[in-house]
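Structural overview
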Amino acid sequence: MPIPPLEPLPASPLAGVVNATGVVLHPKLGRAPLSAAARQAVLDASGYTTLEIDPATGRHQPRTSGPGRLAAEVFGAPAATVVNNGAAALLLTLHALATDREVVVSRGELVEIGRSYRLPDLIATTPARLVEAGTANHTRLEDYRGAAHPGTGMLLTVHRPDRHPGGNETSLAQLAELAAELGVPLVHHLGSGLPHRLPAALPDEPSVAGSLSAGADLVLVSGDKLLGGPQAGIIAGRSDLVASCERHALARALRIDKLQRAALEATLWSWTQAELPADLPVVAMLDADPVTLHQRAVWMADQMGPDARAVRTSGRVGGSLLSAVSLPSWAIAVSCDDPQRWAAELLAGDPPVLARLEADHLRLDVRTIPPSRDVDVVEVIRGLSAG
Ligand SMILES: *Cc1c(COP(=O)(O)O)cnc(C)c1O
């Protein structure tokens, strides 16, 4: 019998893209682009590796101990461990520390992130019971007190960079005091995970060290947000709690693989070398000099031809809740009769470029375009103008 014809297979199922959207941690483009060192580390780790061997002794060593030690060092935490992503970090924490107990969360912090993550739904899959404190727009210390019971196992607070004024009136220090009184851990889901100093673009973003010193027992962060590394989840804080997470049976199902570990270690290493490591593309983009952005936009518009001009624009940090934080930037506006068709052709081009679609033009934010690709972007726009 003849074999029915198959759908043509995509030649390159996963392709590199030039990000001209101005969204630094673009969720659809895989959040943080890796540093050169992290890319090299991934390449080096793609064969056999010392993933679970101590190279000094040849003895078994858990795969998380290397990146865990580095993360603890970078975050100034007593201990840390790593899992597959931020959602996994919370899942493991709930299983390890609040099985059959109550976890108290402010109603204003029951967030949704990128549709597939809804905090209450995630908690519902675990043996921990969600207890809501306060209201959607106000949660005070007495609300937490009222919600806590003898069965309480954990206080969980979620960092909301998008917070409306008035959200959670309870400070981390107050929550820490209450948690200590109840004898339960305070877990802070920070999400973004800046180690210490803040880029000027994000003056209000708290650091992991700050959260720990304000009294959080554990801080949960993602590897591919402001940390600028691969998808990963880091659980940092009290050694006994970190050890409970590591020992839990679920840890095996949520573990990182060797490529994630390689990229994460290289990224964390960069953070040990500088307060604000410019070799990490996320840091370089957030800290980009506006004068340089302007010069690049003017040069590229000039090279692209009469339909292109440099314009002021507003990019975004991106990465779920940080989406709300905007970044003043420079872009090239390319006027065209059918922006939708141009955008599609740009994305299908070589290299593929993702631009922002406006009513009568395409907008290419230079902040997220790697400077080494400026010439390529000019070429593809010229190709479209000529075609
Ligand atoms: C990003 C984020 C998550 C989800 O983390 P992933 O790494 O995407 O799994 C959960 N909670 C908060 C507060 C976040 O910022």
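Quick caveat: nothing in here was measured; it's all calculated off a predicted structure. Residue positions are given per chain, counted from 1 along the sequence in the order it is written. In keeping with the model being predicted, local features are shown solely for residues with a pLDDT of at least 70 and side-chain atom pairs are shown and tallied solely at 80 or more, while totals for entire chains, interfaces and linings include all residues. The side-chain numbers reported here are obtained from all heavy atoms of the structure, hydrogens and water having been left aside.

1. Regarding the sheet that holds strand E2 (residues 23-25)
- Note: two strands are recorded as paired if DSSP finds a minimum of 2 bridges between them. Numbering of helices and strands starts at the N terminus; helices are DSSP runs of H or I of at least 4 residues and strands are runs of E of at least 2. Read from one edge of the open sheet, five strands run E2-E12-E13-E16-E15, paired in mixed fashion. With one partner strand each, in any of the chains shown, E2 and strand E15 (356-357) form the two edges of the open sheet.
- Where E2 lies against strand E12 (residues 308-318), two bridges are found, and the strand directions are parallel. For Leu-25, the partnering residue across the bridge sits in E12 and is Gly-318.
- In this description, contact between two residues means that some pair of their heavy atoms is separated by no more than 4.5 Å. To obtain each axis, a line is fitted to C-alpha atoms, and for helices this fit is confined to the stretch in contact; angles are then taken between N-to-C directions over 0 to 180 degrees. Where helix H12 (residues 339-347) meets the sheet, its contacts fall on strand E13 (326-335), E15 and strand E16 (361-365), and the angle it forms with E16 comes to roughly 40°.

2. Here's the deal with a nonpolar patch on the surface
- Patch membership needs two things, relative accessible area over 30% and no salt bridge, and members are linked within 9 Å if like-charged or within 5 Å if nonpolar (Val, Leu, Ile, Met, Phe, Trp, Tyr). All accessible-area figures derive from a Shrake-Rupley calculation using a 1.4 Å probe, and residue coverage is judged against the displayed protein chains alone. Salt bridges are counted wherever a side-chain nitrogen of Lys or Arg sits within 4 Å of a carboxyl oxygen of Asp or Glu. On the surface, a nonpolar cluster with roughly 200 Å² of combined accessible area is contributed by Val-17, Leu-29 and Leu-347.
- Exposure classes here rest on a 1.4 Å probe applied to the protein chains alone. A residue is buried below 20% of its type maximum, exposed above 50%, and partly exposed in between. Judged by its relative accessible area of 41%, Leu-347 is partly exposed.

3. Re the pairing of strand E8 (residues 152-158)
- Judged by how many residues are buried, E8 sits mostly within the fold: seven of seven residues are covered.
- Strand direction decides the pairing type here: strand E4 (residues 102-106) and E8, joined by three bridges, are parallel. Bridge assignment links Glu-102 to a residue of E8, and that residue is Thr-152.

4. What about the sheet that holds strand E3 (residues 79-83)?
- Strand order across the open sheet formed by seven strands is E3-E11-E10-E9-E8-E4-E7, with mixed pairing between neighbours. Single-partner strands in this sheet number two, and they are E3 and strand E7 (129-133). Averaged over all pairs of adjacent strands, the angle between strand axes in this sheet comes to 25°, irrespective of strand direction.
- Where helix H6 (residues 172-182) meets the sheet, its contacts fall on E8 and strand E9 (186-191), and the angle it forms with E8 comes to roughly 170°.
- The sheet strands contacting helix H8 (residues 239-247) are E3, strand E10 (218-222) and strand E11 (233-237), and the helix crosses E3 at an angle near 25°.

5. Points about the environment of Gly-318
- Examined against the element boundaries, Gly-318 turns out to sit in strand E12.
- Taking the C-alpha atoms as reference, Gly-318 lies 9.0 Å from Gly-22; in sequence the two are 296 residues apart.

6. A few points about the pattern of salt bridges
- Scanning the entire structure with this criterion turns up 16 salt bridges.
- Of the charged contacts, one joins Glu-345 and Arg-341 as a salt bridge, the two residues approaching to 2.9 Å between their closest N and O atoms. One end of the pair, Glu-345, and the other, Arg-341, are both in helix H12, four residues apart, so they sit about a helical turn from each other.
- The exposure class of Glu-345 is partly exposed, given its relative accessible area of 35%.
- You can call Arg-341 partly exposed: its relative accessible area is 39%.
- Here the residues in one salt-bridge network are Glu-52, Arg-63 and Arg-255, joined through shared partners.

7. A few points about the domain arrangement of the protein
- Where a domain begins and ends is set by an automatic assignment or by a domain database. For the protein, the assigned domains read domain 1 (18-25 + 282-386) and domain 2 (36-273).
- Distance from the C-alpha centre of domain 1 to the C-alpha centre of domain 2: 33 Å.
- Tallying the contact residues gives 13 residues for domain 1 and 18 residues for domain 2.
- Here domain 1 meets domain 2 over a buried area of about 1,200 Å², counting both sides, of which 80% is carbon and sulfur.
- Across the domain 1-domain 2 interface, the total number found is zero salt bridges.
- Polar contacts, as used here, are pairs of N or O atoms within 3.5 Å; protein pairs need one atom able to donate a hydrogen and one able to accept it. Residues neighboring in sequence count only if both atoms are side-chain atoms. The tally of links from domain 1 across to domain 2 stands at zero residue pairs in polar contact (both at pLDDT 80 or more).
- Looking at the side of domain 1 that touches domain 2 element by element, the count peaks at three residues for helix H10 (residues 281-286). Accessible area that two parts lose when put together, evaluated with a 1.4 Å probe and summed over both, is termed the buried area.

8. Brief notes about the site of the ligand
- Arg-31, Gly-86, Ala-87, Ser-222 and Lys-225 are the nearest of the 13 residues found near the ligand.
- Contacts to the ligand include Ala-87, whose backbone N or O atom sits 2.8 Å from an oxygen atom.
- The contact in question runs from an oxygen atom of the ligand to an N or O atom on the side chain of Ser-222, over 2.7 Å.
- Elements represented by at least two residues in the shell around the ligand include exactly helix H3 (86-98) and E9.
- A class-by-class count of the residues in the shell around the ligand yields five nonpolar, six polar and two charged. Proximity criterion: a residue is near a molecule or strand once any of its heavy atoms comes within 4 Å of it. Ten residue types, Ala, Val, Leu, Ile, Met, Phe, Trp, Tyr, Cys and Pro, are classed as nonpolar, four, Asp, Glu, Lys and Arg, as charged, and the remainder, Gly among them, as polar.

9. Things to note about the packing of helix H11 (residues 290-304) against helix H13 (residues 374-386)
- Interhelical geometry of H11 versus H13 gives an angle of 35° and a closest axis separation of 9 Å. Relative to H13, H11 is oriented so that their crossing is right-handed. Side by side, H11 and H13 meet where Arg-296, Trp-299, Met-300, Gln-303 and Met-304 of the first sit next to Asp-374, Val-375, Val-377, Val-378, Ile-381 and Arg-382 of the second.
- In terms of residue class, the contact of H11 with H13 is made up of seven nonpolar, one polar and three charged. Left-handed describes a crossing whose near helix is turned anticlockwise from the far helix by less than a right angle; the clockwise case is right-handed.

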